[in-house]
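Residue-level listing of the chains:
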Amino acid sequence: MTLRYRCFALRLLKMAAAFKKFRSEDILSLYKSAYNTKIPWKEVFEEETENYFSIFEKATNCSRSLVLSSVLSLTSTLCGPNTKVTVGDNSYSTVLNQYIVAVCAPGGGKTNTYYKVIDPVVEKIKEKHGIAIQLEAYTTAGLQKHQLNNQGYGIITCDEGHRFLSSVNVKQSKGEGERSLLCKMWGGKGDSSILVTGTRGFSKTSMSCCLFIQPQPLLSELCQLGGDDGLMDRFLFCVAKPVFNTTAITKANVPLLRDTKLQSFENVMNNIYEEHLAGKHYKLSADAESVFDGLIDSYSDYMNAKYGSDHEEDKENETPNLNISLDESEMMTSKDTIHILRLAAVLHVFQHSFSCGLNDGCYTPTPLEITKSRLKQAMVLYNSLSQQKSLFVQAIASCDRDTPALHLKPVATFRDRVAKAMCKSCGPFVTIRQLQKRLKRSLAENIKIELEMLQQNGFGTLKTIKTRHGKRNFFFKIPGNCIDMEIGAHSTIIKSVGINIDTYESTFNDLSTLTDEEKNFTIQHHPHAEGIEGLW
């Protein structure tokens, strides 16, 4: 037996072992944790868009999370291979391609969403423009032929996405190259093969993915998607709660949907395609660029902290290593900034076209400048999607593979871990830098988004204060005597952290680690300074 076939046989044995059944109660617990890491819709979309998604969900039984996955992937591919988004003087540029895994339980609306959102758009573009954007064959030859025949447009989508992931895994075990081709196409790059009859290939692409999949087969496929090529870093996960409304809810919302000028997304997506036929060049505004620079600097700090220190990591933060190019515990990958920039551009394009279609049906050109608020929306959305993804990958990394039924160990969401670190930090405030030290390999921007959510729930106040060491972000915690367990948000946070009010208050009152300067900051800036003056 040759070495190649030995390797193939070993891979097959590994795949067979991985396809042992996960315990159903573990899957359900993980799935609930993921979809309860909710997307803050009001912070991601304008009010009219958020309202429409809600009506569409109730009238059609299409989960808005699955609809979101669909419109993001459709928008990115229909912007075409010649559309880019840049930062500064073209120093940072990327295509808009999106790879999305849309996760939902059986009977939760995957097929329904596919046929009511994606399929009508695919058919309209094919009928009106002769472009068959949906890919049918997953082989290298099939990909090359499809892209060559359809000018670089393409979307890999199906209502049972595990078939595609399984195909990638099987071909990977045979040593075939579809996996590396997927990595290239995410970056907008083409591919070619030298044949007897000549060269076959394409130079660039807007290929995107929207894979609808159930939790059980997703976990099974994740066991096999190992490797150091960063394929899984390129995927976003969007986890949807199953939607199956009562007939009363559906009947009440069908007329509301009918009253809008949009019964479906076909015209919106067709406009996006037609507007971007020659490609467009989007760019961050000056203030948006400043925010993005801060994100880059945050990643730079993370890299310096990771490779510039010899300190051991806290044991509670360690997670088993998995042969997959993703940081299981803190959602940290080298693709973060690219994902956020692409999401900002895709949201910008979709929101403009959608608003035109919803209001008067008169489509105007999309502005080339992406605003700071749009970039912020992309950051908030990415924060939620990356948390949902990290739960699945971390669960796979921590599972006990020696049992007949694979046992997924409980994993905490990043949201809960930030809240826990905040509550257990001594003193009436905590800085983002202090939280970064407790939450190893975490970006400051991700922590800041979570602290802003805690602030919205009345659990503290986030302030940027100028100190002699420069500007610092302080989160001033709510005093223990101000926590009201009758308030739903307060109760949820305390329970997720796993401490009682007395423990929280004792930690809040502990001033042993504060410097005199920090005590002065607290007296000057804490919203409850008068109520806690007895601490000094």
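Below, the structure is looked at part by part. (Residues numbered from 1 in each chain as written. Predicted model: local features only at pLDDT ≥ 70, side-chain atom pairs only at ≥ 80, totals over all residues. Heavy atoms only, no water.)

To continue, consider the overall build of the chain. A count of helices and strands for the chain gives 21 helices and 13 strands. A burial count over the chain gives 56% of its 536 residues as buried. Here the analysis covers contacts within the chain between residues at least 6 apart in sequence; of these, 77% occur between residues at least 24 apart. Taken as a whole, the chain presents about 23,400 Å² of accessible surface, with 50% of it coming from carbon and sulfur. (Helix = DSSP H or I, 4+ residues; strand = E, 2+ residues; numbered from the N terminus. Buried < 20%, exposed > 50% of the residue type's maximum accessible area, 1.4 Å probe, protein only. Contact = heavy atoms within 4.5 Å. Areas by Shrake-Rupley, 256 points an atom, 1.4 Å probe, with all protein chains shown as cover.)

Turning our eyes to something else, we now look at the sheet that holds strand β2 (residues 92-94). Overall, mixed pairing links the four strands, which are arranged β2-β1-β9-β10 in an open sheet. Looking along the sheet, the strands with just one partner apiece sit at the ends: β2 and β10 (369-370). Across two bridges, strand β9 (residues 281-284) lies against β10 in parallel orientation. Note that in β10 the partner of lysine 283 across the bridge is glutamate 369. Against the sheet, helix α14 (residues 336-359) makes contact with β1 (84-87), β2, β9 and β10, and its axis sits at roughly 65° relative to β2, the strand it touches most. (Pairing = 2+ DSSP bridges. Axes fitted to C-alpha atoms, helices over the stretch in contact; angles between N-to-C directions.)

Turning our attention to the sheet that holds strand β4 (residues 155-158). The strands that make up a sheet pair up through hydrogen bonds in the backbone, lying either parallel or antiparallel. Strand order in the open sheet formed by four strands is β4-β7-β3-β8, and the pairing between neighbours is parallel. Among the strands making up the open sheet, the edge pair consists of β4 and β8 (235-239). Strand-to-strand twist across the sheet, computed as the mean angle between neighbouring axes with direction ignored, equals 15°. Of the pairings in the sheet, the one linking β4 to strand β7 (residues 208-213) comprises four bridges and is parallel in character. Paired with cysteine 158 across the two strands is leucine 211, which belongs to β7.

Bringing the state of the cysteines into the picture now. On inspection of all chains with the given rule, the structure shows zero disulfides. Just so you know, cysteine 356 is unpaired, no disulfide at all, and the nearest cysteine sulfur is the one on cysteine 362, 7.2 Å from it. The class of cysteine 356 is buried, set by a relative accessible area of 9%. (Disulfide = S-S within 2.5 Å.)

This part takes up helix α19 (residues 488-497). Because an α-helix packs 3.6 residues into every turn, residues spaced three or four apart end up facing the same way. When we look at burial in α19, the residues that qualify are His490, Ser491, Ile493, Ile494 and Val497. End-on view of α19: buried residues confined to an arc of 165°, all on one side of the axis. Away from its buried face, by an angle of more than 90 degrees, α19 presents the exposed residues Thr492 and Lys495. Packed against the buried residues of α19 are α16 (414-423), α18 (444-456) and α20 (501-508). (Arc of directions from axis to C-beta.)

Within the span of helix α12 (residues 266-275), buried status applies to Val268, Met269, Asn270, Asn271, Ile272 and Tyr273. Close packing links the buried residues of α12 with α5 (64-78), α6 (110-129) and α14.

Moving on to the pattern of salt bridges. The full count for this structure, using the stated rule, is 10 salt bridges. Among the salt bridges present, the one from glutamate 50 reaches lysine 42, with a minimum N-O distance of 3.5 Å. The class of glutamate 50 is buried, set by a relative accessible area of 9%. The shortest N-O distance in the salt bridge between arginine 415 and glutamate 450 comes to 2.8 Å. Of this pair, arginine 415 sits in helix α16 while glutamate 450 sits in helix α18, placing them 35 residues apart in sequence. You'll find arginine 415 and glutamate 450 in the same group, each marked buried. One continuous salt-bridge network, built from bridges that share partners, spans Arg23, Glu25 and Asp26. (Salt bridge = Lys/Arg side-chain N within 4 Å of Asp/Glu carboxyl O.)

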